[in-house]
Amino acid sequence: MGADPQILAVQDHDADADRIRHEMSTLPELAERDAALARRAELSGRRLALEERRGPPQSELGRLDDEVALLRAKLEREETKLGSGHVTNARELTGLQAEVESLRRRIADLEDRELEAMEELESTQPELDALESELADVDASLAPIEERLQGALAALEAELDRTEAARSAAAEVVDAELLAKYERTRARSVNGIGAALLADGGCTGCHVKLAAGELVDAREADLARCPACEAILVIEEG
Ligand SMILES: [Zn+2]
């Protein structure tokens, strides 16, 4: 005597649910999203390294700008004094002229260094621009991937809900003890099979043929099991 054939309906729904869950965890959009996120992480890392290289010339430029501004203000004061005609003492005039010359030289020197810092920054600007543009592209590509992923997941969720509802309905008409045995068997199995039809002398769960003696035992057992995969066997009448 085989098990109640209704258990096969439960098995079918469980197999469907397994397939749907597998599909949900292997959607191509998941791999696409992972690839885009990995690319973004790589580009962000390169941008960070580049920004670290650009840090010193950037702060150097800021410091030089401040210094030049101070010296220019001082130069302007000294030049105004010189042009005002108030300083008439020859020695004082010479001193003032020397100070103006000195300020101009210091400013020119600082401006040379500013130029060097600017050139250093400019040399890495194209690389920075390219990274920014690639990052923007990757970010822009993520939204449609995410949208497709969520759409595919929602469709599969709905399919899973319907399958689980059908499984519950099918399980309701199965003897509780048989159902519990089926669930334990399925949980232990490697292929998700807890119950299978014995057809043409073989288990449809693992496709192993039963020996003649095993077939006799299966037909006589209270609860037949496949000797190969241990699935509860439902035996076809006749
Ligand atoms: Zn089997």
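Here is a short report on the structure shown in this document. Since we're looking at a predicted model, the values are computed, not measured.

Across its full length, the protein chain holds five helices and three strands. The secondary structure elements of the protein chain, listed N-terminal to C-terminal, are α-α-α-α-β-β-α-β. For a compact globule of 238 residues, the expected C-alpha radius of gyration is about 18 Å, and the protein chain comes in at 41 Å, more than 25% above that figure. Taken along its principal axes, the extent of the C-alpha atoms in the protein chain is 130 × 30 × 25 Å. Looking at the protein chain as a whole, 31% of its 238 residues qualify as buried. Relative to all contacts within the protein chain whose residues are 6 or more apart in sequence, the contacts with residues 24 or more apart total 74%. If you sum the accessible surface of the protein chain, you get close to 14,400 Å²; carbon and sulfur atoms cover 53% of it. Considering the protein chain, the positive charge centre built from 29 side chains and the negative charge centre built from 54 side chains are found 6 Å apart.

Let us look at the coordination of the zinc ion. Donor atoms from the polypeptide that bind the zinc ion are C203 (SG), C206 (SG), C226 (SG) and C229 (SG), placed at 2.2 to 2.3 Å. For the zinc ion, the four donor atoms in the first shell make angles of 103 to 113 degrees at the metal, so the coordination geometry reads as tetrahedral. When the donor residues of the zinc ion are listed from N- to C-terminus, their spacing reads C-x2-C-x19-C-x2-C.

What follows covers the nonpolar core. Counting residues in hydrophobic clusters, the biggest one holds 13 residues, and the most contacted among them are I7, V10, L179 and Y182. Elements that contribute at least two residues to this core include exactly α1 (6–25), α3 (90–172), α4 (176–188) and β3 (232–235). A196, L198, L215 and A224 belong to the second-largest nonpolar core, a separate cluster that totals 12 residues.

This part takes up a negative patch on the surface. Taken together, the side chains of D109, D112, E116, E119, E120 and E122 make up a negatively charged region of the molecular surface. Mapped onto the elements, D112 comes out in helix α3.

The side-chain alternation of β3 yields two buried faces, one formed by I232 and V234 and the other by L233 and I235. Pairing analysis gives four bridges linking strand β1 (residues 195–199) to β3, with the strands arranged parallel. Each residue of the ladder has a partner; that of A195, found in β3, is I232.

This part takes up the packing of helix α2 (residues 28–84) against α3. Relative to each other, α2 and α3 sit at 160 degrees, their axes nearing to 6 Å. The angle between α2 and α3 places the two elements in the roughly antiparallel class. α3 is crossed by α2, and the crossing has left-handed handedness. Taken together, the residues of the contact of α2 with α3 break down into 28 nonpolar, six polar and 32 charged.

Here the focus is the side chain of Q11. Positionally, Q11 belongs in helix α1. On the basis of relative accessibility, which here comes to 4%, the residue Q11 falls in the buried class. Look past the residues within four positions of Q11 in its chain and what remains in contact with it is Y182, R186, G192, I193, G194 and A195.

By the criterion of burial, β1 is predominantly enclosed, with four of the five residues buried. Alignment of β1 against strand β2 (residues 202–203), held across two bridges, turns out to be antiparallel. Residue pairing across strands places A199 opposite G202, the latter belonging to β2. From the end of β1 to the start of β2, which pair antiparallel, there are two residues, and D200 there has a positive phi angle of about 50 degrees.

Turning our attention to the sheet that holds β2. Taken in spatial order, the three strands line up as β2-β1-β3 in an open sheet, and their pairing is mixed. Each edge of the sheet is formed by a strand with only one pairing partner; in this case those strands are β2 and β3.

Another aspect to go through is α4. Because the α-helix completes a turn every 3.6 residues, residues three or four places apart line up on one side. Between the first and last C-alpha of α4 there are 19 Å, a value that for 13 residues agrees with the 18 Å anticipated at 1.5 Å per step. What α4 keeps buried is the set L178, L179, Y182, T185 and R186. Within α4, the buried residues cover an arc of 130 degrees as seen down the axis, which keeps them to one side. Exposed side chains of α4 directed beyond 90 degrees from the buried face belong to A176, E177, A187 and R188. Looking at the packing, one finds that the buried side of α4 touches α1, α3, β1 and β3.

Cut-offs and rules
Residues numbered from 1 in each chain as written. Predicted model: local features only at pLDDT ≥ 70, side-chain atom pairs only at ≥ 80, totals over all residues. Heavy atoms only, no water. Helix = DSSP H or I, 4+ residues; strand = E, 2+ residues; numbered from the N terminus. Rg over C-alpha atoms; globule rule 2.2 N^0.38 Å. Buried < 20%, exposed > 50% of the residue type's maximum accessible area, 1.4 Å probe, protein only. Contact = heavy atoms within 4.5 Å. Areas by Shrake-Rupley, 256 points an atom, 1.4 Å probe, with all protein chains shown as cover. Lys, Arg positive; Asp, Glu negative; His and termini not counted. Charge placed at Lys NZ, Arg CZ, Asp CG, Glu CD. Donors = N, O, S within 2.8 Å, 3.2 Å for Na, K, Ca; no water. Tetrahedral: all angles 85-135°; square planar, octahedral: opposite > 155°, others 65-115°. Core = buried A, V, L, I, M, F, W, Y, C linked by side-chain atoms within 4.5 Å. Patch = residues over 30% accessible without salt bridge, like charges linked within 9 Å, V, L, I, M, F, W, Y side chains within 5 Å. Salt bridge = Lys/Arg side-chain N within 4 Å of Asp/Glu carboxyl O. Pairing = 2+ DSSP bridges. Axes fitted to C-alpha atoms, helices over the stretch in contact; angles between N-to-C directions. Parallel < 35°, antiparallel > 145°, perpendicular 65-115°, else oblique. Left-handed = near helix turned anticlockwise from the far one by under 90°. Nonpolar A, V, L, I, M, F, W, Y, C, P; charged D, E, K, R; others polar. Expected span 1.5 Å × (residues − 1). Arc of directions from axis to C-beta.

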